[in-house]
Amino acid sequence: MIGRITGTLIEKLPPTICVDVGGLGYDIDVSMSTLYALPETGARVTLYTHLTVREDAHILYGFGTASERSAFRELIKVSGIGARTALSVLSGMSVADLAQAITLQESGRLTRVPGIGKKTAERLLLEMRGKLGADIGASSHATPDHQSDILNALLALGYSEKESLSALKTLPEGVGVSDGIKQALKALAR
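Residues numbered from 1 in each chain as written. Predicted model: local features only at pLDDT ≥ 70, side-chain atom pairs only at ≥ 80, totals over all residues. Heavy atoms only, no water.

You'll find the protein entered in an unreviewed UniProt entry as Holliday junction branch migration complex subunit RuvA, with Achromobacter marplatensis given as the organism. Under the heading Subcellular location (unreviewed entry), UniProt records this for the protein: "Cytoplasm". According to the UniProt record, the Sequence similarities (unreviewed entry) comment for the protein reads "Belongs to the RuvA family." (UniProt positions renumbered as here; feature names shortened; annotations may be inferred.)

Structure, rendered in structure tokens:
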């Protein structure tokens, strides 16, 4: 498996780029978000990669970040989602937006992506729940370890994940668990 490539960017023909590594040019399919983040041709680039081996082709997919590659790998595990559709999803939204859509179970955000219909979006949300959606907690102001404890407490009290996450966003930075739960409950009571 080819996990990472570092070389000179020699060509951009969306969605494919070519990276020269020691005189050998690798054609790599990338998402639009990765493509826009790339430097001009002739510059040195490093991409995280995923190699797909099929009967008729070996296809290399490239990503600017390890989290984007992880999201791609989770997406292609969903039945009905192929590599092209997964790239389309990552071109249409960031990994954080995808994680948020999964956590909040917002199929409408996914159906805006070309190639994703309502049934596919619902299947994707169902199969990826808990795999990528947990990443959303990092956007809260509370410290990550306290944030998950506060979220779990709110969920145990019967609040929905959507309500709990919106309450977490109102918390001040560095709040403790017990104070965070109290403040979140006050925010939910409004």
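Caption draft 1: Fine view of the UniProt feature "domain: Helix-hairpin-helix DNA-binding motif class" (unreviewed entry) in the protein. This chain's UniProt record puts "domain: Helix-hairpin-helix DNA-binding motif class" (unreviewed entry) on residues 73–92 and 108–127. For residues 73–92, the end-to-end C-alpha separation is 16 Å, with 65% helix and 0% strand making up the annotated structure. Taken end to end, residues 108–127 has its terminal C-alpha atoms 16 Å apart, with 70% of it in helix and 0% in strand. (Helix = DSSP H or I, 4+ residues; strand = E, 2+ residues; numbered from the N terminus.)

Caption draft 2: Region of the structure containing the packing of aromatic side chains. A complete count under the given rule lists two aromatic pairs for this structure. Their ring planes at 45 degrees and their centres at 4.9 Å tell us that F63 and F72 sit as a pair that is tilted. When sorted by exposure, F63 lands in the same class as F72, which is buried. In this structure an aromatic cluster arises from ring pairing among Y61, F63 and F72. (Phe/Tyr/Trp six-rings, centres within 6.5 Å; stacked < 30°, edge-to-face > 60°. Buried < 20%, exposed > 50% of the residue type's maximum accessible area, 1.4 Å probe, protein only.)

Caption draft 3: Local environment of the pattern of salt bridges. Taken as a whole and judged by the stated rule, the model has six salt bridges. Notably, a salt bridge pairs D29 with R84, separated by 2.9 Å at the nearest N-O pair. In this pair, D29 sits in strand 3 (residues 24–30) while R84 sits in helix 3 (residues 83–92), placing the two residues 55 residues apart along the sequence. Take D29: its relative accessible area is 7%, and that puts it in the buried class. The closest approach of N and O atoms between D97 and R109, which form a salt bridge, is 3.7 Å. Separated by twelve residues along the polypeptide, D97 in helix 4 (residues 95–103) and R109 in helix 5 (residues 107–111) bring together distant segments of the chain. Overall, D97 belongs to the partly exposed group, its relative accessible area being 32%. What makes R109 buried here is its relative accessible area of 18%. Residues participating in the shared-partner salt-bridge network are D97, E106 and R109. (Salt bridge = Lys/Arg side-chain N within 4 Å of Asp/Glu carboxyl O.)

Caption draft 4: Helix 3, seen in detail. When we look at burial in helix 3, the residues that qualify are A83, A86, L87, V89 and L90. Along the axis of helix 3, the buried residues cluster in a sector spanning 155 degrees; they form a single face. Contacts made by the buried residues of helix 3 are with strand 3, helix 1 (32–37), strand 5 (58–63), helix 2 (66–75) and helix 4. (Arc of directions from axis to C-beta. Contact = heavy atoms within 4.5 Å.)

Caption draft 5: Molecular detail of the sheet that holds strand 4 (residues 44–53). Pairing is mixed around the closed barrel formed by five strands, whose spatial order is 1-2-3-5-4. Recorded for the sheet is a direction-independent mean angle of 55 degrees between the axes of neighbouring strands. Summarising the sheet, strand 1 (residues 4–13) and strand 4 pair through five bridges and their orientation is antiparallel. From the neighbouring strand, T6 faces strand 4, where its bridge partner is T46. Contacts from helix 2 reach strand 4 and strand 5, with the element oriented near 15 degrees to strand 4. Packed onto the sheet, helix 3 meets strand 3 and strand 5 and runs at close to 15 degrees relative to strand 5. (Pairing = 2+ DSSP bridges. Axes fitted to C-alpha atoms, helices over the stretch in contact; angles between N-to-C directions.)

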